[in-house]
Amino acid sequence: MPGYSEFYFNVNHGYLEGLVRGFKGGILKNADYVNLAQCETLEDLKLHLQTTDYGNFLANETGPLTVSIIDDKLKAKLLTEFTYFRNHAFEPLSTFLNYITYSYMIDNVILLITGTLHQHPVEELALKCHPLGRFEQLEAVGIALNPAELFNAILVDTPLAAFFQDCLSENDLDEINIEIMRNKLYKSYLEAFYTFCKKLGGTTADIMCPLLEFEADRRSFIITINSFGTELSKEDRQKLYPTCGKLYPEGLLLLANAEDYEQVKGVAEYYGEYRVCFEGIGGGTGEKTLEDAFFEQEVRMNVLAFNNQFHFGVFYAYVKLKEQESRNIVWIAECISQRHRTKINNYIPIF
């Protein structure tokens, strides 16, 4: 924040920064995961979670416990914490927190469109939407037939309108066009968030820009690998890459011309932080995937964000770490539920 001293930062944002750092202390440690992985039933899992900062968050569940109930309650707890931050935030922190929710809004819109395409009832799909990405017009999304209609009738009055400019077309919403739309929305979103953080300057920019660069580059790698064997041309693929990452411009050009996985891996060789992600990836079942490696790298970067003070990056890092924690708990719960204990330790520890 140009011209902002540490004193001025604390006047408006010190309380919430202290609070989020306190919440970070409640994130599950490695010992907690060891205990969770030893549980025999979901009821045991519930008892172990009660001894952590999660406390009695499952206390009102009187019926049989299921993985989806645990998942919903984890999301609801994060929503409660995040809503408290947002309700007590001053500008520019309130806008920053809004930006965090936009990625969940994009995922919710795509989930509803895809579900409607497969004839699933909107009420059922709405329950699967992430609570951090809910907005008033959300359930009307399923009635749109093409991106232009989706924008003009529904999304024009939502925060996502600004990211929709590159997505407007009269093409029918089939599976490939929906995926292209998701990636274009994410590209616009990440570039806008990156510009916003750059403008804030100071420690917030120093912490947030590398985190968003990593997210942009991860998307570029995944888009490239997923496009192999599809009808997506190299030119169309290149239009989906966010341009706010470390790969821009040379790396993105190399990715656009890549023909197979080995060539993508070759591009990663030029960048130290991405070379690490591609090393040690196993091809067999149960071995570490590229997605896991990216998640591990993301966790490391988000943990380091807490080493600096007087910046907004801790809010972004906290939400991302809680998201990973939820994935870990749900993974362990799934393994217990399906009695498939051989892979129960394939979670990604945070501390």
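Check the entry above for the structure.
Conventions and cut-offs
- Residues numbered from 1 in each chain as written.
- Predicted model: local features only at pLDDT ≥ 70, side-chain atom pairs only at ≥ 80, totals over all residues.
- Heavy atoms only, no water.
- 1 Å grid on protein atoms, 1.4 Å probe; cavity = no way out; pocket = protein on both sides within 12 Å on 5 of 7 lines; lining within 4 Å.
- Points joined across faces, edges and corners; volume = space filled by probe spheres on them.
- Helix = DSSP H or I, 4+ residues; strand = E, 2+ residues; numbered from the N terminus.
- Axes fitted to C-alpha atoms, helices over the stretch in contact; angles between N-to-C directions.
- Parallel < 35°, antiparallel > 145°, perpendicular 65-115°, else oblique.
- Left-handed = near helix turned anticlockwise from the far one by under 90°.
- Contact = heavy atoms within 4.5 Å.
- Nonpolar A, V, L, I, M, F, W, Y, C, P; charged D, E, K, R; others polar.
- Buried < 20%, exposed > 50% of the residue type's maximum accessible area, 1.4 Å probe, protein only.
- Arc of directions from axis to C-beta.

Visitor: Is there a simple way to think about empty space enclosed by the protein in this case?
Guide: Gaps left between atoms show up when a probe the size of a water molecule is rolled over them. For the coordinates displayed, the defined rule picks out 1 cavity of 30 Å³ or more. In this model, the largest cavity occupies a volume close to 30 Å³. Taken together, L211, F214, E215, R218, E298, M301, N302 and Y316 form the lining of the largest cavity. Only α9 (202-227) and α14 (290-304) provide two or more residues apiece to the lining of the largest cavity. It is α9 that provides the largest number of residues to the lining of the largest cavity, a total of 4 residues.

Visitor: How should the packing of helix α2 (residues 30-37) against helix α15 (residues 313-337) be read in this particular structure?
Guide: A pair of packed helices is captured by two measures, namely the crossing angle of their axes and the spacing between those axes. In contact at an axis separation of 10 Å, α2 and α15 are set at 20° when each is read in the N-to-C sense. The pairing of α2 with α15 is recorded here as roughly parallel in orientation. Seen from above, α2 lies across α15 with right-handed handedness. Two secondary-structure elements touch here, α2 through Y33, L36 and A37 and α15 through E325, N328, I329, I332 and I336. Among the residues forming the contact of α2 with α15, the class breakdown is 6 nonpolar, 1 polar and 1 charged.

Visitor: Help me understand helix α3 (residues 42-50) in this model?
Guide: Side chains three or four residues apart in an α-helix point the same way, a direct result of the helix having 3.6 residues per turn. Residues of α3 that are buried: L42, L45, K46 and L49. Taken end-on, α3 shows its buried residues confined to a sector of 100°, consistent with a single buried face. Tucked inside the fold, the buried residues of α3 contact α2, α4 (67-87) and α15.

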